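Chains, contacts and geometry: an overview
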Amino acid sequence: SLTIRTGCSSSMIALNEACMAIAKGDCKAAIVGGTSLLLSPSTLASLSEQGILSPDGSSNTFSSNANGYARGEAIVAIYVKSLDSAVRDGNPIRAIVSGTATNFNGKTPTMSMPSALAQEAVIRQAYNIAGISEIERTGMFECHGTGTAAGDPIEADAIAAVFGDHGIHISSIKPNESENQSFAALWTSAFQHTPTIRRGKFFFDRRWNWR
C-alpha cells in the first residue's frame, strides 16, 4: 500500500500510480481512495488567518465574488482493474480511464500558486497518453477551481491555451460541495461526473456571478 500526500491532487496521483502499476503488471487490480477529515480547528484557524478561506463559507469558482474556498470532509474509494479483465470477469464498468498524466509546477511566485504553462503541458500530455488527437471533441472540462482570485484565472488561461480555438464548457463542483482536499479529484471524477456524463449533463455552478 502507498500513502500519497500531494494536497488536493492526492487521490488523482494515487489513481495515476494505480493505473501505471496495473499497466506494467505490478498488480492486477487496485483500490484507490482519498480522505479529508477535519479533526482539529488548528488548520482552519491557520488558513483563516492567512485569508485563504472564504469568509462566507463557500467557494465562488470563476465568479467575481471569488474570495477564497470552503473546506469539506469525506472518504471515497474506487476499485480499478484493466478493461480486459473487467470484461472477462463480467464486472460492472462505470468508466474507462483512457490516460493519466502528472507533472509539477516548477518555480512560481508562491508555493500555493499554480503555473498556467505547467497545467497546459499536463493536459496535453494526458491527451497524448490517451491517444486522443481530436481534443476539440471534448465537451466539458472539470476544473480544480478553488474560487481564489489568483488561482482561477491561471487555470482558465491554461484551459484556454489548449481548447481556446474550439471552445469548451468548464465546470467545478466546489461551489456546490466545497474544497475537499486530498480526495477532491477522485470524488469529482469518479463519483460526480461519471454518472452525470452518462446522463449527458454536467453540474451547474449555483454560486457563479459574472458581474
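All values reported here derive from a predicted model rather than from experimental measurement. (Residues numbered from 1 in each chain as written. Predicted model: local features only at pLDDT ≥ 70, side-chain atom pairs only at ≥ 80, totals over all residues. Heavy atoms only, no water.)

Observations concerning the overall build of the protein chain
When helices and strands are counted, the protein chain shows seven helices and four strands. Each helix (α) and strand (β) of the protein chain, taken in turn from the N terminus, gives the series α-β-α-β-α-α-β-α-β-α-α. The buried share of the protein chain, taken over its 211 residues, is 36%. Sequence separation of 24 or more characterises 70% of the internal contacts of the protein chain that already satisfy a separation of 6 or more. Surface summary for the protein chain: the accessible area is close to 12,700 Å², and the carbon and sulfur share equals 55%. (Helix = DSSP H or I, 4+ residues; strand = E, 2+ residues; numbered from the N terminus. Buried < 20%, exposed > 50% of the residue type's maximum accessible area, 1.4 Å probe, protein only. Contact = heavy atoms within 4.5 Å. Areas by Shrake-Rupley, 256 points an atom, 1.4 Å probe, with all protein chains shown as cover.)

Side note on the packing of helix 4 (residues 116–130) against helix 5 (residues 151–163)
Relative orientation of the contacting elements helix 4 and helix 5 amounts to 45°, with a least axis distance of 8 Å. One way to sum up the angle between helix 4 and helix 5 is to call them oblique. Between helix 4 and helix 5 lies a crossing whose hand is right-handed. Where helix 4 approaches helix 5, its residues A116, Q119, E120, I123, R124 and Y127 are matched on the opposing element by I154, E155, D157, A158, I159, A161, V162 and F163. For the contact of helix 4 with helix 5, the per-class residue count stands at nine nonpolar, one polar and four charged. (Axes fitted to C-alpha atoms, helices over the stretch in contact; angles between N-to-C directions. Parallel < 35°, antiparallel > 145°, perpendicular 65-115°, else oblique. Left-handed = near helix turned anticlockwise from the far one by under 90°. Nonpolar A, V, L, I, M, F, W, Y, C, P; charged D, E, K, R; others polar.)

Some remarks on the pattern of salt bridges
Under the criterion given, the structure shown has five salt bridges. Beyond isolated ion pairs, a larger network of salt bridges with shared partners links K81, R88 and D89. (Salt bridge = Lys/Arg side-chain N within 4 Å of Asp/Glu carboxyl O.)

Observations regarding the environment of I168
Relative to the assigned elements, I168 resides in the loop between helix 5 and strand 4 (169–171). Note on I168: relative accessible area 23%, which makes it partly exposed. Separated by 32 residues in the primary sequence, I168 and E136 have C-alpha atoms spaced 8.1 Å apart. Excluding anything up to four places from it in sequence, I168 contacts T138, G139, M140, F141, I159 and F163.

Some remarks on helix 4
Counted at 1.5 Å a residue, the expected span for helix 4 with its 15 residues is 21 Å, and the 21 Å between its end C-alpha atoms agrees. Those residues of helix 4 not exposed but buried are A118, V122, I123, A126 and Y127. Of the surrounding elements, those touching the buried residues of helix 4 are strand 3 (140–142) and helix 5. The first or second residue beyond helix 4 is G131, which carries a positive phi of 75°. (Expected span 1.5 Å × (residues − 1).)

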